[in-house]
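# Residue-level structure breakdown
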Amino acid sequence: MHIGLPKEIKDGEYRVALSPAGVDALRKAGHRVTVQPDAGIESGFADEDYVRAGASLADPWAAEIVVKVKELQPAERRKPQPSQTLFCFQHFAPDPALLEAALASRATFVAFETVGEADGSLPILKPMSKIAGRLAVQVGAWCLQKHQGGSGVLLPGVDGVPPGNVVILGAGNVGGNALAVAHGMGASVRVHARSERHFAALRARHPGAQFTTAPPEIADADLVIGAVLVPGSLSPKLLSRAMLRGMRRGSALVDVGIDQGGIAETSRPTKHSAPIFVEQGVVHYCVPNMPAACARTASLALERALLPWLLELAGGTASPGLASGVQVRDGKVVHAQLARDTGR
């Protein structure tokens, strides 16, 4: 099978889907890999490294399978062909124009974010969720600084001054990793979730945190982290404008699920070159590709997760887990949740 690896062109997207080691693994499995020049340069992988691993440097869009990180950007939307399969993050539900382009191409689109195991886990999304959760507290602390429009709260506090309050909505991979960082730095943390399923394990690791299944309460929060994911579906709107208006001026919201629409009525996608805006007095950070800030770590973690599935896809097999990732094929929506969200 011929596999193509493009260079990412989304604003601030420095990740790459395959390292030279991944190319080598594909080559040893009998596949041919074409890499776009400079595809891995921002993650520390030079063209020469890919060539030594057995790749050729050329246009990757002639390949049978195109593996990349982010969804098609406007300049890429005419590139897919009916005979191709695209394997990447896709996030069709909040972007009708992107979905229309995918349908018009008649290519097959397999989404990282819905490839799943029998137990409901999402193995390719999981490492990116962990990284985003850890980054969420870091960027939230940055948003709280006065020169970003924040309230000037230092999350760990200092002798004689109490720590800041962090409210995390969601207790999965994003929420659990955000909790680890916020609790570790000494912030006061409360986690809201729909069920108690993850509470016992999280409470054992972070006994000072609070856990509740009650509806979100954010009036006392200095930092809110949106960490809710419904696989393949739009994010639920959990925070109204009125709720954000009730927070102290200069508080912050990091909406990690913005690539699926976000959990606040006020949220809208931003980008690494202009990551924040202020609405209802709250500093919003809504960058949909947060892990790109740590591109090398994120690229290696992503490759480790996706490579077994790519080898399966290139080998011509389709386990139920891989099949659950197919969202669009031959001009039709074939993923049930996407169909419900988009009325297809």
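Please read all numbers here as calculations on a predicted model, not as lab measurements.

## Considering the side chain of E13
Note that E13 resides in the loop between β1 (2-5) and α1 (20-28). Sequence-distant contacts of E13, that is, excluding residues within four places in its chain, are made with E8, V69, K70, N289 and A292.

## Structural notes on the sheet that holds strand β9 (residues 210-212)
Strands sit in the order β9-β8-β7-β10-β11-β13-β12 across an open sheet of seven strands; the sheet is mixed. Among the strands making up the open sheet, the edge pair consists of β9 and β12 (276-279). Each neighbouring strand pair of the sheet contributes to a mean axis angle of 20°, computed without reference to strand direction. By the bridge criterion, three bridges tie strand β11 (residues 252-255) to strand β13 (residues 282-285) in an arrangement that is parallel. For V254, the partnering residue across the bridge sits in β13 and is Y285. In the packing of helix α4 (residues 125-143) onto the sheet, contacts are made with β10 (223-226), β11, β12 and β13, and the angle to β11 comes to roughly 150°.

## Some points on the pattern of salt bridges
Enumeration according to the criterion identifies 16 salt bridges in this entry. For K10, the salt bridge is made with E71, and the minimal N-O distance between the two is 3.1 Å. Here K10 is found in the loop between β1 and α1, whereas its partner E71 is found in the loop between β4 (65-67) and β5 (85-88), with 61 residues between them in sequence. Of the two residues, K10 and E71, both sit in the buried class. Here E279 ties to R241 by a salt bridge, and the two come within 3.5 Å at their closest N and O atoms. With E279 in strand β12 and R241 in helix α7 (residues 241-245), the pair connects residues that are 38 residues apart, well separated along the chain.

Conventions used here
Throughout, a residue's number is its position along its own chain's written sequence, starting from 1. Totals for whole chains, interfaces and linings use every residue, but because this is a predicted model, local features are given only for residues with pLDDT of at least 70 and side-chain atom pairs only at 80 or more, for both listing and counting. Computation of side-chain values covers all heavy atoms of the structure but excludes hydrogens and water. Labels follow the DSSP assignment, with helices taken as runs of H or I lasting at least four residues and strands as runs of E lasting at least two, numbered in each case from the N terminus. For this analysis, residues touch if any pair of their heavy atoms sits within 4.5 Å. In this scheme, strands are said to pair when DSSP sees at least two bridges between them. Lines are fitted to the C-alpha atoms to define the axes, a helix being fitted only along its stretch in contact, and any angle between axes, read from their N-to-C directions, falls within 0 to 180 degrees. In what follows, salt bridge is the name for a side-chain nitrogen of Lys or Arg lying within 4 Å of a carboxyl oxygen of Asp or Glu. Burial classification: accessible surface area is computed with a 1.4 Å probe over protein chains only, and a residue below 20% of its type maximum counts as buried, one above 50% as exposed, and the rest as partly exposed.

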